[in-house]
Amino acid sequence: MDGALDEVYERLRSTGPEFDGWLSNHGPMAADALLRIDPSADVHRWVDGYVGRLEQAPGERWPVTGDDWHEALGDAGRLGDWLAFFDRELAGAPWPDVLARWWPRLVPGSIASATHCLIRTGHAVRALREVETAPRRAELAAALGYWAARWQPMPGSAPLSGAVPPVGIVPRSAIAPPVGAVPPVGGRPPGEALDGVPVLGAAGDLRARLDRLGLHPGWRPALRAAADVPVAEVPAALTRLVDAAVVRYGRWAPGSPVMLVHAATAPRAAALVLPALPPELWPLTHQAAWTAAAAIAALYRPAAALPDPARGGSAEEVVAAAVRSGDEHALKFAEVALESASRGVPTAAGAALRAAALIN
């Protein structure tokens, strides 16, 4: 698998993180998921069918520097500049050092591009944790550059200011909580907390929905579920959040079969990054993962839920359905749901089968 994944990264290296407007390039992520759920799959055939939709990566125009990165953060017009910046960063320092320096700057904007930046970063970091190669470092550079260009905080949260140190770890206190939010008051089970997010019921694109969510009276109380989790408990807390989101996908999928996938795949991506981060960044990571998952749930869950899908369903059935679909979201969700099923979540396989059917 290692060689095949590097080959995919090389094939997609010149493609941009987006195409046809704001659509995210899922090629590297979906190919990674496909190889993991079905190592015998013809991944290059899948790439052949996907790559024709993509566009060339933009070039650098005005270099981002260590002195002015604050001004460029979240400026989509600087996408090419950010891609080149992270190419240089990762050429000049070990990738874990670059990740640790930039993670606390980027992770408060985890909702960016509907969480795709976080998810792509998670896949790239996992690949690098397994074996470090030049194509994998380049993939991480693309993911981080995409994230920096599309960086977007939740409405009501304060952006990073010039007071944030340009190098080193940004302290959690430097990132302001949502204005007027009540401090965390103790965790609730993540499934119960997800059930408690408001049902927005709003039309419009992601940004318009986020603006409305920031004004919803039920949103601030929902954020209280992002309780301060002790460092040692963060990995288990992220796992519970992923499992809860997989279960709720099975109930909520008709609200938006594609978008609701990310309520599970975003916190799972954060969990993939966790082992590469300094432990002091783990609680911030959990907070960001919860906020992203809760926001996706609030933006797209339906007012009425379906019954839980049937329990059971074999791994082989899930893989076959996802591969038959060929859809990038179905492939990524199948990998996450199979992991939940392996942990004993009884409806996880059914949720993955429902995803493949509805998305297809």
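Residues numbered from 1 in each chain as written. Predicted model: local features only at pLDDT ≥ 70, side-chain atom pairs only at ≥ 80, totals over all residues. Heavy atoms only, no water.

A. Seen up close, the pattern of salt bridges. Taken as a whole and assessed by the stated rule, the structure comprises 20 salt bridges. The partner of D6 in a salt bridge is R136, with the nearest N and O atoms 2.7 Å apart. Within this pair, whereas D6 is found in helix α1 (residues 2–12), its partner R136 is found in helix α8 (residues 134–150), the two being separated by 130 residues in sequence. Grouping residues by exposure puts D6 and R136 together as buried. (Salt bridge = Lys/Arg side-chain N within 4 Å of Asp/Glu carboxyl O. Helix = DSSP H or I, 4+ residues; strand = E, 2+ residues; numbered from the N terminus. Buried < 20%, exposed > 50% of the residue type's maximum accessible area, 1.4 Å probe, protein only.)

B. Quick peek at the confidence of the model for the chain. Predicted confidence across the chain gives a mean pLDDT of 89, with 89% of residues reaching 70 or more. Contacts from residues 158–186, a stretch scored under 50 in pLDDT, to residues over four places away or in other chains number 50 contacts. (pLDDT = per-residue confidence, 0-100. Contact = heavy atoms within 4.5 Å.)

C. Here's a closer look at the side chain of R78. With respect to the element layout, R78 can be found in the loop between α4 (69–72) and α5 (79–92). Of the residues examined, R78 reaches a relative accessible area of 12% and is grouped as buried. A distance of 2.5 Å separates polar atoms of two side chains, one belonging to R78 and the other to D81. With residues up to four places along the chain from it excluded, the contact list for R78 reads W62, P63, V64 and A72. (Polar contact = N/O pair within 3.5 Å; in protein donor to acceptor, adjacent residues only side chain to side chain.)

D. Looking closely at unusual backbone geometry. For D20, which is not glycine, the phi torsion reads 50° and is therefore positive. If you trace the backbone, D20 turns up in the loop between β1 (18–19) and β2 (23–24). One non-glycine residue with positive phi stands out, namely T115, at about 75°. Along the chain, the position of T115 falls in the loop between α6 (95–106) and α7 (116–130).

E. Broad picture of the side chain of T15. Here T15 shows up in the loop between α1 and β1. The class for T15 is buried, based on a relative accessible area of 9%. A polar contact of 2.6 Å, which involves the side chain of T15, links it to the backbone oxygen of L12. Polar side-chain contacts of T15 include one of 3.1 Å to the side chain of N25. When neighbours within four sequence positions are excluded, T15 is seen to be in contact with N25, V51, L54, E55, Q56 and A57.

F. Main features of the packing of aromatic side chains. Evaluated as defined, the whole model comprises eleven aromatic pairs. Ring centres of W82 and F85 lie 5.4 Å apart, and the angle between their planes is 85°; this geometry places the pair in the edge-to-face category. Here W82 and its partner F85 are both found in helix α5, three residues apart, which amounts to about one turn of the helix. Accessibility expressed as a relative area gives 0% for W82, which makes it buried. Accessibility expressed as a relative area gives 6% for F85, which makes it buried. Here F86 and W102 contribute two aromatic rings whose centre-to-centre distance is 5.2 Å and whose plane-to-plane angle is 75°, an arrangement assigned as edge-to-face. One end of the pair, F86, is in helix α5; the other, W102, is in helix α6, with 16 residues separating them in the sequence. According to the relative accessible area criterion, F86 is buried, its value standing at 0%. Judged by relative accessible area, W102 falls into the buried class, the value being 2%. Taken together through their ring pairs, the aromatic side chains of W69, W82, F85, F86 and W102 make up a single cluster. We note R105 situated over the ring of W102; from NZ or CZ to the ring centre the distance is 4.4 Å. Stacked on the ring of W22, the Lys or Arg R150 has its end atom at 3.7 Å from the ring centre. (Phe/Tyr/Trp six-rings, centres within 6.5 Å; stacked < 30°, edge-to-face > 60°. Lys NZ or Arg CZ within 6 Å of the ring centre and 35° of its normal.)

G. How the structure looks around the nonpolar core. Counting 70 residues, the largest nonpolar core has L194, L213, W219, V246, Y249 and F333 as the members making the most contacts within it. Broken down by element, this core gets its largest block of residues, nine residues, from helix α14 (residues 282–300). Contacts of F333, omitting those with residues within four sequence positions, involve V246, Y249, V261, A264, T265, A351, A352 and A355. (Core = buried A, V, L, I, M, F, W, Y, C linked by side-chain atoms within 4.5 Å.)

H. Spatial organisation of helix α3 (residues 43–51). Listed as buried for α3 are V43, W46, V47 and Y50. In a view along the axis of α3, the buried residues occupy a sector of 100°, so they form one face of it. Projecting away from the buried face of α3 at angles above 90 degrees are the exposed residues R45 and G49. (Arc of directions from axis to C-beta.)

I. Seen up close, the environment of S256. Its place among the elements puts S256 in the loop between α12 (234–252) and α13 (262–273). Put simply, S256 and I359 are 103 residues apart on the chain and 9.0 Å apart in space, counted from C-alpha to C-alpha.

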